[in-house]
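Chain by chain, the residues run as shown.
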Amino acid sequence: MGSVREGRGRGRAPQRADVMVRRATAGDARRLTRLVRTSGAYEGPYASMVEGYRVGPDYIETHRVFVAEDLATGRILGFYALLLDPPELDLMFVADSAQGLGIGRLLAAHLREEARSAGLTGVRIVSHPPAEGFYRSIGAEPVGTVRADPPAVLWDRPELLLRIG
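These numbers come from a predicted model, not from an experiment. (Residues numbered from 1 in each chain as written. Predicted model: local features only at pLDDT ≥ 70, side-chain atom pairs only at ≥ 80, totals over all residues. Heavy atoms only, no water.)

Asker: I'm lost on the overall build of the chain in this one. Help?
Answerer: Helix and strand content of the chain: five helices and seven strands. Counted from the first residue to the last, the chain has its helices and strands arranged as β-α-α-α-β-β-β-α-β-α-β-β. In terms of overall size, the chain behaves like a compact globule, its C-alpha atoms giving a radius of gyration of 15 Å where 165 residues would be expected to give roughly 15 Å. Reported as C-alpha extents along the three principal axes, the dimensions of the chain are approximately 45 × 35 × 30 Å. Among the 165 residues that make up the chain, the fraction classed as buried is 44%. Once local pairs closer than 6 in sequence are excluded, the contacts in the chain between residues at least 24 apart make up 61%. Here the chain displays about 8,600 Å² of accessible surface, and carbon together with sulfur accounts for 50% of that area. (Helix = DSSP H or I, 4+ residues; strand = E, 2+ residues; numbered from the N terminus. Rg over C-alpha atoms; globule rule 2.2 N^0.38 Å. Buried < 20%, exposed > 50% of the residue type's maximum accessible area, 1.4 Å probe, protein only. Contact = heavy atoms within 4.5 Å. Areas by Shrake-Rupley, 256 points an atom, 1.4 Å probe, with all protein chains shown as cover.)

Asker: Explain the pairing of strand β5 (residues 122–126) here, please?
Answerer: Consecutive residues of a regular strand have side chains that alternate between opposite faces of the sheet. A large share of β5 lies buried, amounting to four of its five residues. Taken together, the two bridges between strand β4 (residues 87–94) and β5 define a ladder with parallel strand orientation. Looking across to β5, one finds that Leu89 is bridged to Ile125. A crossover connection joins β4 to the parallel β5 through helix α4 (residues 103–117); in handedness this β-α-β unit is right-handed. The pairing of β5 with strand β7 (residues 157–163) spans five bridges and is antiparallel. Looking at β7, one finds that Arg124 is bridged to Leu161. (Pairing = 2+ DSSP bridges. Right-handed = clockwise from strand over helix to strand, strands pointing away.)

Asker: Sorry, what's going on with the sheet that holds strand β2 (residues 64–70) here?
Answerer: Where strands meet in a sheet, backbone hydrogen bonds hold them as pairs that are either parallel or antiparallel. In spatial order, the strands read β1-β2-β3-β4-β5-β7-β6; together these seven strands make up an open sheet with mixed pairing. Where the open sheet ends on each side, the last strands, each with one partner, are β1 (19–23) and β6 (141–146). Averaged over all neighbouring strand pairs, the angle between strand axes comes to 25 degrees, with direction disregarded. Contacts between helix α1 (residues 29–37) and the sheet are confined to β1, β2, β3 (76–84) and β4, with β3 contributing the most and set at about 100 degrees to the helix. (Axes fitted to C-alpha atoms, helices over the stretch in contact; angles between N-to-C directions.)

Asker: Is there a simple way to explain α1 in this structure?
Answerer: Given 3.6 residues per helical turn, the α-helix brings residues three or four places apart onto the same face. Of the residues making up α1, those classed as buried are Ala29, Leu32, Thr33, Leu35 and Val36. Here the buried residues of α1 occupy an arc of 160 degrees about the axis, which is enough to place them on one side. Along its buried surface, α1 packs onto α2 (47–50), α3 (57–62), β2, β3 and β4. (Arc of directions from axis to C-beta.)

Here it is as structure tokens:
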């Protein structure tokens, strides 16, 4: 953490004095589940993907899950989950009310550091189609398409690789 600085350009992240990225705890499970289920990115045709979705305490304890928390209010502004074997970004969500504030870039920068410290050279991202532009803006490169797999996923999704260097 440091003073508020907005990073500009590919792959750079803001550092915010008012937000802390910390490891999620089992006690965060309900708030993370609520963030997923109420995401505006999953309205309309994408709603079925998060309907009934649950981020459980067991998931949080098993995986590297990190939250961006507003230090003044304790509100969770976003989170991500990094799987190590194989290396993949499993989840990344930013609260609708925090969109455009640099929270996604802050989480992406933390993800890079976490991946680097784990010795990873790249992280696979299977993107929600509307989020592809964000992932490309942080330096992820398209590597393919993951085809729809009904009934779980009804649409093709971009596959990207975020190189860790």
